[in-house]
Amino acid sequence: MAGKVVLHYFNGRGKMESIRWLLAVAEVEFDEVYLTTREQYEKLLSDGDLMFEQVPLVEIDGMKLIQTKAILNYIAEKYSLHGKDLKDRVAINMYSEGLMDLMEMIMMLAFAADTKAQLDTIETKAINRYLPVFEKALAGPIYLVGSKISCADVQLLECTLMLEEKFCGILAKFPNVKSFQGRMSEIPAIKKFLQPGSKRKHQPDETYVKTIKAVFKLDLPLK
């Protein structure tokens, strides 16, 4: 029998946070091993655990998985969060990848040389490019694709909460998205994950940035 799921990443959101969200919605318990030193990273490399020398790394079902999209797709398939057929899955993946693009912009704020310019770019793209897509998709349906929750729904909730942390009231002109956010937040597994003391991470802070810089030997801020 496979052991408990183990996540290898930093003690912060980053690319692991969507994985934490999806596991929480699937009600899967998991442990975390936080990367804090260069030596830990080099050990993962020398052990051959990081195919492309990158984290996240997730141990699940006797496998060591890397690459965020691959991990999310595996979890979504395993726990029936990926639609009922191929057409559902491709629609879910299109929404999911768009959301990942937007969330990655927010993730990189902590490393940006010009935070104000980056915030302006994110707000403009969110309002003009991304949120209208989801406002239209949710004009009637409860979920983005089909009649049950999918990984795209989970990521949309995660993304809208991230946006509201940076831009108070950004959903005011997107009532369908705001209503969706409220419905999703009442799902018991999600409600639990949103409570203080859960494994949901806080916004990136100086310690998180310094740790990443030390582990990867990066010069920050990024230009």
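None of these values were measured; they are calculated from a predicted model.

Draft legend 1. Just the overall build of the chain, in detail. Tallying secondary structure elements over the chain gives nine helices and four strands in all. Counting from the amino terminus, the chain carries its helices and strands in the arrangement β-α-β-α-β-β-α-α-α-α-α-α-α. Referenced to the eigenvectors of the C-alpha coordinate spread, the extents of the chain come out at roughly 50 × 50 × 30 Å. Every one of the 223 residues in the chain was classed for burial, and the buried ones make up 45%. Relative to all contacts within the chain whose residues are 6 or more apart in sequence, the contacts with residues 24 or more apart total 67%. As displayed, the chain has an accessible area near 11800 Å², and 54% of this comes from carbon and sulfur atoms. Seen as two clouds, the 30 positive and the 30 negative side-chain charges of the chain have centres 3 Å apart.

Draft legend 2. Spotlight on the environment of K69. By secondary structure assignment, the location of K69 is in helix α3 (residues 68–78). When its relative accessible area of 41% is taken as the criterion, K69 is described as partly exposed. Along the backbone, K69 and D219 are 150 residues apart, and their C-alpha atoms lie at a distance of 27 Å. Each residue touching K69, except ones within four places of it in the same chain, is listed here: E97 and M100. Within the local environment of K69, its side chain forms a polar contact with the side chain of E97, the two groups lying 3.3 Å apart.

Draft legend 3. Structural view of the nonpolar core. In terms of nonpolar packing, the biggest core is built from 72 residues, with I19 and L163 touching the most fellow members. Those residues in contact with L163, other than ones at most four positions away along the chain, are L102, I106, I122, A126, L131 and I170.

Draft legend 4. Structural context of the packing of aromatic side chains. Taken as a whole and assessed by the stated rule, the structure comprises seven aromatic pairs. Centre to centre, the rings of F10 and Y208 are 6.5 Å apart; their planes meet at 90 degrees, and the pair counts as edge-to-face. Of this pair, F10 sits in the loop between β1 (5–9) and α1 (17–25) while Y208 sits in helix α9 (residues 206–216), placing them 198 residues apart in sequence. Of the two residues, F10 and Y208, both sit in the buried class. Members of the aromatic cluster, connected to one another through ring pairs, are Y9, F10, Y41, F111, Y208 and F216. Over the ring of F30 we find K199; its NZ or CZ atom is 4.6 Å from the centre of that ring.

Draft legend 5. Looking closely at the state of the cysteines. As enumerated under the stated definition, the model contains zero disulfides in all. For C159, which is in no disulfide, the shortest distance to another cysteine sulfur is to C151 and amounts to 14 Å. With no disulfide of its own, C168 lies closest to C159 among cysteine sulfurs, the gap being 16 Å. Taking relative accessible area as the criterion, C168 reaches 80% and is therefore assigned exposed.

Draft legend 6. Region of interest: the side chain of T160. One can find T160 in helix α6 (residues 151–166). With a relative accessible area of 1%, T160 lands in the buried category. With residues up to four places along the chain from it excluded, the contact list for T160 reads L171, V177 and Q181.

Draft legend 7. Structural detail: unusual backbone geometry. At the junction of V55 and P56, the peptide bond is cis and its omega measures out at 15 degrees in the coordinates. With respect to the helices and strands, P56 occurs in the loop between α2 (38–46) and β3 (57–60). Phi angles above zero are rare outside glycine, and E27 is one such case at about 60 degrees. By secondary structure assignment, the location of E27 is in the loop between α1 and β2 (30–34).

Draft legend 8. How the structure looks around the packing of α1 against α6. Following both chains from N to C, one finds α1 and α6 inclined at 125 degrees, their axes separated by 10 Å at the closest point. Of the possible angle classes, the one that applies to α1 and α6 is oblique. As for the relative orientation of α1 and α6, their crossing is right-handed in sense. In this structure, α1 uses E17, S18, W21, L22 and V25 to contact α6, whose residues at the interface are C151, V154, Q155, L157, E158 and L161. Each residue belonging to the contact of α1 with α6 can be placed in one class, and the counts come to seven nonpolar, two polar and two charged.

Quick notes on the rules
Residues numbered from 1 in each chain as written. Predicted model: local features only at pLDDT ≥ 70, side-chain atom pairs only at ≥ 80, totals over all residues. Heavy atoms only, no water. Helix = DSSP H or I, 4+ residues; strand = E, 2+ residues; numbered from the N terminus. Buried < 20%, exposed > 50% of the residue type's maximum accessible area, 1.4 Å probe, protein only. Contact = heavy atoms within 4.5 Å. Areas by Shrake-Rupley, 256 points an atom, 1.4 Å probe, with all protein chains shown as cover. Lys, Arg positive; Asp, Glu negative; His and termini not counted. Charge placed at Lys NZ, Arg CZ, Asp CG, Glu CD. Polar contact = N/O pair within 3.5 Å; in protein donor to acceptor, adjacent residues only side chain to side chain. Core = buried A, V, L, I, M, F, W, Y, C linked by side-chain atoms within 4.5 Å. Phe/Tyr/Trp six-rings, centres within 6.5 Å; stacked < 30°, edge-to-face > 60°. Lys NZ or Arg CZ within 6 Å of the ring centre and 35° of its normal. Disulfide = S-S within 2.5 Å. Axes fitted to C-alpha atoms, helices over the stretch in contact; angles between N-to-C directions. Parallel < 35°, antiparallel > 145°, perpendicular 65-115°, else oblique. Left-handed = near helix turned anticlockwise from the far one by under 90°. Nonpolar A, V, L, I, M, F, W, Y, C, P; charged D, E, K, R; others polar.

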